[in-house]
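Listed below are the residues making up each chain.
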Amino acid sequence: MARSTPRADGTDLERALRTGPFHLALRTALSARGLALHRVQHRLAQRGVKVGVTSLSYWQQGLRRPRRPESLRAVRMLEEVLDLPAHALTRLLAEPAAARPVAGRPATRSYRALVEEARAVERLLADLEAPQDGGLHTVCHLERVRIGPDRVLHGRDSHHVVRAHRDGVDRYLAIHHGDPGCDPARVVVRAEENCRVGRVRWHAASGVLVAELLFDARLRAGDTYVFGYGFDDATGGTSREYVRGFSFAGGQYVLQVRFDDAALPVRCRRFQQAGAGAPRCGQQELTLSGRHHGVHLVEQVVRPGIVGISWDWS
């Protein structure tokens, strides 16, 4: 049987409303209030606001951002429906300036670049006719990232365990975000275990690639499935961090970053963020260990947001 997602508590909601981003705050508020999207849609309609369940779903996933006047009016009504303080959500829709490099820390992607990636992913998923609900929960995801002697991300490998929460699931869509300068047309997708590569789409300007991984079996609700895949890249610029975002809570995630003997960083640290544009928190120094010169992090139970590892070269 499908596992229920833990309901967000008041502390989670307060934090999400304070730090954003908008989609995380909306999703946390929906969880805290225990409201399904169709119920929210009905309550908005009672207040004279028409908005589709699909649009609400895209807003809470960060795939689309309310911009039109009628959408912004819907957000103001959402604050009322969800019993939130006035402007709690609308203030998070203000476009922040692009992030500036912080002294002593390498420059990372701006918020604007991250938003562009989200838009690119949305377009690519639409092109692959991906359903809103992929029908899968992650049980465990082990990911290994390889940094080459040129300080470039050469590739990453994933060992994934999933559970179906509806019948008929037979594929998984894997998303690859290359480092700045990445040429996704040259990225190679590998199907390593219990799957094969289907359709592949990419967006050159943002360095985003989406690959369809076809399972060897059609799953029924409750079935688990183990599969492995990877991406060979080495087309981007100097790599300084690796991040992974999670839309929903649940499951275990393990990230390992390995460095070539010829290019070892001077400092590594793990971090987490509530979402793109939010301040980094939970930073912890990591020490290179073993003959493979690797660092890692373990999330026993994933929470919505971003986790990652960053490193300094000098």
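For the structure itself, consult the block above.
None of the values given here were measured: they were computed from a predicted structure.

Caption draft 1: Quick peek at helix α3 (residues 37-46). For α3, the set of buried residues is Leu-37, Val-40 and Leu-44. Along the axis of α3, the buried residues cluster in a sector spanning 60°; they form a single face. Counted as exposed and oriented over 90 degrees from the buried face of α3: His-38 and Gln-46. The elements touched by buried residues of α3 are α2 (22-33), α4 (53-61) and α5 (69-81). In the stretch just after α3, Gly-48 is the one whose phi turns positive, near 80°.

Caption draft 2: Examining the pattern of salt bridges more closely. Per the stated rule, a full pass over the model turns up 18 salt bridges. A salt bridge links Asp-232 to Arg-190, with the nearest nitrogen and oxygen atoms 2.9 Å apart. One end of the pair, Asp-232, is in strand β7 (residues 224-232); the other, Arg-190, is in strand β4 (residues 188-193), and 42 residues separate them in sequence. Here Asp-232 falls in the partly exposed class, since its relative accessible area comes to 26%. By relative accessible area, Arg-190 is classed as buried at 17%. A salt bridge links Arg-199 to Glu-212, with the shortest nitrogen-to-oxygen separation between them at 3.0 Å. On the criterion of sequence distance, the pair formed by Arg-199 in strand β5 (residues 195-203) and Glu-212 in strand β6 (residues 208-219) is long-range, its members being 13 residues apart. Among the ionic contacts, a cluster of salt bridges with common partners joins Arg-146, Asp-157, Arg-190, Glu-192 and Asp-232.

Caption draft 3: Focus on the pairing of β7. Here strand β2 (residues 153-164) pairs with β7 via nine bridges, running antiparallel. In the strand pairing of β7, Val-161 is matched with Val-226. Direction of pairing for β4 relative to β7: antiparallel, over a ladder of five bridges. Each residue of the ladder has a partner; that of Val-189, found in β7, is Phe-231.

Caption draft 4: Spotlight on the sheet that holds strand β9 (residues 252-259). Pairing is mixed across the open sheet formed by six strands, whose spatial order is β4-β7-β2-β1-β9-β12. The outermost strands of the open sheet, each flanked by one partner alone, are β4 and β12 (294-299). Each adjacent strand pair in this sheet contributes to an overall mean axis angle of 15°, direction not counted. Where strand β1 (residues 136-147) and β2 come together, 11 bridges link them in antiparallel fashion. Residue pairing across strands places Ile-147 opposite Leu-153, the latter belonging to β2.

Caption draft 5: Structural view of the packing of α3 against α5. It is the contact of α3 with α5, at a shortest axis distance of 10 Å, that shows an interaxial angle of 105°. Between α3 and α5, the crossing angle belongs to the class labelled roughly perpendicular. Here Val-40, Arg-43 and Leu-44 of α3 come into contact with α5, specifically with Ala-74, Met-77, Leu-78 and Val-81. Taken together, the residues that form the contact of α3 with α5 break down as six nonpolar, no polar and one charged.

Caption draft 6: Representation of the nonpolar core in the model. In terms of nonpolar packing, the biggest core is built from 30 residues, with Trp-59, Leu-78 and Leu-89 touching the most fellow members. Contact partners of Trp-59, with chain neighbours within four places excluded, come to Phe-22, His-23, Leu-26, Val-51, Arg-64, Arg-65, Pro-66, Ser-71, Ala-74, Val-75 and Leu-78.

Caption draft 7: Inspection of the sheet that holds β5 at higher detail. Reading across from one edge, β3-β6-β5 is the order of the three strands in this open sheet, with antiparallel pairing throughout. Each edge of the open sheet is held by one strand with a lone partner, namely β3 (169-177) and β5. Averaged over all pairs of adjacent strands, the angle between strand axes in this sheet comes to 20°, irrespective of strand direction. One ladder, built from seven bridges, connects β5 with β6; its direction is antiparallel. Its bridge partner lying in β6, Arg-196 is registered against Leu-214.

Caption draft 8: Quick look at the packing of aromatic side chains. Taken as a whole and judged by the stated rule, the model has 10 aromatic pairs. Between Tyr-225 and Phe-227, the ring centres sit 6.2 Å apart and the planes meet at 35°, which makes this aromatic pair tilted. For the pair Phe-246 and Tyr-253, a centre-to-centre distance of 5.2 Å together with 70° between the ring planes defines the contact as edge-to-face. For the pair shown, Phe-246 and Tyr-253 are each scored as buried. Among the aromatic residues, ring-to-ring pairing joins Tyr-172, Phe-215, Tyr-225, Phe-227, Tyr-229 and Phe-231 into one connected group. Sitting over the ring of Phe-271, Arg-280 keeps its end group 3.8 Å from the ring centre.

Caption draft 9: Quick look at the packing of α3 against α4. Orientation of α3 relative to α4, taken along the N-to-C sense of each, is 115°, at an axis distance of 9 Å. Helix-helix and strand crossings are classified by hand; for α3 and α4 the assignment is right-handed. Along the contact surface, α3 presents Leu-37, His-38, Val-40, Gln-41 and Leu-44, while α4 presents Val-53, Leu-56, Ser-57 and Gln-60. Here the residues of the contact of α3 with α4 sort into five nonpolar, four polar and no charged.

Rules behind the numbers
Residues numbered from 1 in each chain as written. Predicted model: local features only at pLDDT ≥ 70, side-chain atom pairs only at ≥ 80, totals over all residues. Heavy atoms only, no water. Buried < 20%, exposed > 50% of the residue type's maximum accessible area, 1.4 Å probe, protein only. Helix = DSSP H or I, 4+ residues; strand = E, 2+ residues; numbered from the N terminus. Arc of directions from axis to C-beta. Contact = heavy atoms within 4.5 Å. Salt bridge = Lys/Arg side-chain N within 4 Å of Asp/Glu carboxyl O. Pairing = 2+ DSSP bridges. Axes fitted to C-alpha atoms, helices over the stretch in contact; angles between N-to-C directions. Parallel < 35°, antiparallel > 145°, perpendicular 65-115°, else oblique. Nonpolar A, V, L, I, M, F, W, Y, C, P; charged D, E, K, R; others polar. Core = buried A, V, L, I, M, F, W, Y, C linked by side-chain atoms within 4.5 Å. Phe/Tyr/Trp six-rings, centres within 6.5 Å; stacked < 30°, edge-to-face > 60°. Lys NZ or Arg CZ within 6 Å of the ring centre and 35° of its normal. Left-handed = near helix turned anticlockwise from the far one by under 90°.

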